[in-house]
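Coordinate inspection notes
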Amino acid sequence: MTKLFLVRHGQSKWNLDNRFTGWQNVDITALGQLEAEQAGQILKEEKIDEAFTSKLIRAQHTLKIILNEMGKTDTPVIIDEALNERSYGDLEGLNKAETAKKFGAEQVHIWRRSFDIAPPGGESLKDTYNRVIPYFEHFIMPQLQAQKNVIIVAHGNSLRALIMHLEHLSSEEILEREIATGKPLTYVFFDAKMKAVKLGRVRNIL
């Protein structure tokens, strides 16, 4: 049995300000640090062999706090931009409410929640899926197949793409999935077929 843990970074400064963040390198808030500490406590008794995160500081900082809380600061950490948040292009840095007033709430909703429609200069969720999943298949899945437990600390949309893949969700189903900051999810792989079974938060595992 192998476990994959997914954690969205703790609250970032631009989450708090209700801004489109995307690839902008914004750190986590005091609440985000607390969320990361709590995630580390939830995962404290788990074995972690490898850690993966994005090139963005909010994910890296969250992972560092989690591993510190777990007492596993010697865990190998692999950083790659393939796990970065979805790029919001020209919208990055803009307040979401003000952007809705400027472009219309319906248009902004389409940019945010459509599977294959990208905002100006940015990525759609489909684009994000197409960079996250090949990376997962080539670099993370082999670790799981080698019976290593893996933690991925990333972002709402890069994790949404991964969840879509793991749970075989449709493009409509994944758009309804919300991923809370700092709340670990776990997937267990029981056999050689490497079919993932979602168990939710680790503390709920019997």
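I will try to describe carefully the structure that is included in this document. (Residues numbered from 1 in each chain as written. Predicted model: local features only at pLDDT ≥ 70, side-chain atom pairs only at ≥ 80, totals over all residues. Heavy atoms only, no water.)

Observations concerning the side chain of S124
- Looking at the element boundaries, S124 is found in the loop between α5 (105-113) and α6 (125-145).
- With residues near it in sequence (within four places) discarded, S124 still touches R86, F115, D116, I117 and A118. (Helix = DSSP H or I, 4+ residues; strand = E, 2+ residues; numbered from the N terminus. Contact = heavy atoms within 4.5 Å.)

Details of the packing of aromatic side chains
- Applying the stated rule across the entire model yields four aromatic pairs.
- Ring plane angle 80° and centroid distance 6.3 Å describe the contact between F52 and Y135, whose orientation is recorded as edge-to-face. In this pair, F52 sits in strand β2 (residues 50-53) while Y135 sits in helix α6, placing the two residues 83 residues apart along the sequence. In terms of burial, F52 and Y135 fall into one category: buried.
- On the basis of an interplanar angle of 70° and a centroid distance of 5.2 Å, the ring pair of F103 and W111 is categorised as edge-to-face.
- Classification of F103 as partly exposed rests on a relative accessible area of 37%.
- Cluster of aromatic residues (ring-pair linked, three or more members): F52, Y135 and F139.
- Here the guanidinium or amino end of K96 rests over the ring plane of F20, the centre of that ring lying 5.6 Å away. (Phe/Tyr/Trp six-rings, centres within 6.5 Å; stacked < 30°, edge-to-face > 60°. Buried < 20%, exposed > 50% of the residue type's maximum accessible area, 1.4 Å probe, protein only. Lys NZ or Arg CZ within 6 Å of the ring centre and 35° of its normal.)

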